[in-house]
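Results of the structural survey
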Amino acid sequence: MRKGIYITIPKTAQTSLMSVFDSSELKKSILTINTNGKKGLFGKNHNPSRIPTFNFSISTAQWMKNKLGKKVWNNAFKFGFVRNPWDRYVSNWKWLTRKDPSGRGWNFRGFKSPEGTVSFEEFVEEISIAYEFNDPGYQHDRWHICNQIEHIIDNNNKIMLDHVARFENFEKELSNIFSILNIKQPKIPHLNYRGYHNGNDFTPSPHYSTYYNDKLINIVGERCEPDIKAFNYAFERV
């Protein structure tokens, strides 16, 4: 049976998917960053600042290929999910500016607006500094906000996946992936939404376009241009 390799990209349902792919039923069929057990491919010292992919010196896909080896990589079905950049920005806003029970929230990380009350416009303005960090080591906000294509390219900027699935067609894409891998499709839970860690139920949000004005559309469009061009996304109005 052909194995699958799942490449994670922040804010594309990665936590929900990993919770299933790393289950005892599927972990032998779909390889993830946790493939080798609790420590996973990270090894004994799971310290993001010591892992090249978190230092932005190598993509997640290239790093996993190096770890798994060419034979495993070449024989597997490699896939990952991408999301409309304007929609993903809204999701990042809700996640990165939430009140963090751990105490390592928006203000702890050096931003000025009170966490839990940061407007979308304030988020777009303040998160700009995440693109300017050049110091080595894990950069939490840059990791979440950087362009999705950065996670799935090789050293020559070529996409390494067999299939780039669309978050917008989540159920259909999953059905197709499980069919290719000849696996019965399990139920995927919805995790890590805003309020999840406080025990709140999921509340559907308005369409992402309602958070934007022309200025914000252009700012996010410029920052996410690599994704927009690579995956042929456009800003949609409702």
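Higher on the page you've got the structure.
Let me sum up the structure you'll find in this document. Keep in mind that this is a model prediction, so the values were computed, not measured.

1. Side note on the packing of aromatic side chains
Under the defined criterion, the tally for this structure stands at 20 aromatic pairs. With a centroid separation of 5.2 Å and an interplanar angle of 50°, the aromatic rings of Phe81 and Phe170 are classed as tilted. On the criterion of sequence distance, the pair formed by Phe81 in strand S3 (residues 77-82) and Phe170 in helix H7 (residues 170-180) is long-range, its members being 89 residues apart. Comparing Phe81 with Phe170, the two get one shared label, buried. The cationic tip of Arg98 hangs over the ring face of Trp95; the distance from NZ or CZ to the ring centre is 3.5 Å. Above the face of the Tyr233 ring, Arg166 is positioned so that its terminal group lies 4.3 Å from the ring centre.

2. A closer look at the sheet that holds strand S2 (residues 30-31)
Pairing in this open sheet of four strands is parallel, and the strands run S2-S1-S3-S4 from one edge to the other. Two strands in the sheet have a free side with no partner beyond their single neighbour: S2 and strand S4 (163-166). In this structure, S3 lies alongside S4, joined through four bridges in parallel fashion. Looking at the pairing, Phe81 lines up with Ala165 of S4. Contacting S2, S3 and S4, H7 crosses the sheet at an angle of about 150° to S4.

3. Overview of the pattern of salt bridges
Working definition: two side chains of opposite charge can pair if their charged atoms are close together. Scanning the entire structure with this criterion turns up six salt bridges. Across the pair Asp214 and Arg237 runs a salt bridge whose closest N-O atoms are separated by 3.4 Å. In this pair, Asp214 is assigned in helix H8 (residues 214-223) and Arg237 in the segment after helix H9 (225-231), connecting sequence segments 23 residues apart. With relative accessibility at 60%, the residue Arg237 sits in the exposed group. A salt bridge links Glu225 to Lys229; the nearest nitrogen and oxygen atoms lie 3.0 Å apart.

4. Things to note about the pairing of S3
With respect to burial, S3 is a largely interior element, six of its six residues being buried. Neither face of S3 is exposed, since Phe77, Phe79 and Phe81 on one face and Lys78, Gly80 and Val82 on the opposite face are all buried.

5. Considering the nonpolar core
With 37 residues, the main nonpolar core has Ile5, Ile7, Phe21, Ile30, Met64 and Phe79 as its most contacted residues. Those elements giving two or more residues to this core turn out to be strand S1 (4-6), helix H1 (14-21), S2, helix H2 (60-68), S3 and H7. Contacts of Ile5, omitting those with residues within four sequence positions, involve Leu31, Met64, Leu68, Val72, Trp73, Ala76, Phe77, Lys78 and Phe79. Ranked by size, the runner-up nonpolar core spans 23 residues in total, among them Trp86, Val90, Val118 and Val220.

6. Examining H2
By the burial criterion, the buried members of H2 are Thr60, Ala61, Gln62, Trp63, Met64 and Leu68. Taken together, the buried residues of H2 touch S1, S2, helix H3 (70-75) and helix H6 (140-145). Count one or two residues on from H2 and you reach Gly69, which has phi positive near 95°.

Calculation notes
Residues numbered from 1 in each chain as written. Predicted model: local features only at pLDDT ≥ 70, side-chain atom pairs only at ≥ 80, totals over all residues. Heavy atoms only, no water. Phe/Tyr/Trp six-rings, centres within 6.5 Å; stacked < 30°, edge-to-face > 60°. Helix = DSSP H or I, 4+ residues; strand = E, 2+ residues; numbered from the N terminus. Buried < 20%, exposed > 50% of the residue type's maximum accessible area, 1.4 Å probe, protein only. Lys NZ or Arg CZ within 6 Å of the ring centre and 35° of its normal. Pairing = 2+ DSSP bridges. Contact = heavy atoms within 4.5 Å. Axes fitted to C-alpha atoms, helices over the stretch in contact; angles between N-to-C directions. Salt bridge = Lys/Arg side-chain N within 4 Å of Asp/Glu carboxyl O. Core = buried A, V, L, I, M, F, W, Y, C linked by side-chain atoms within 4.5 Å.

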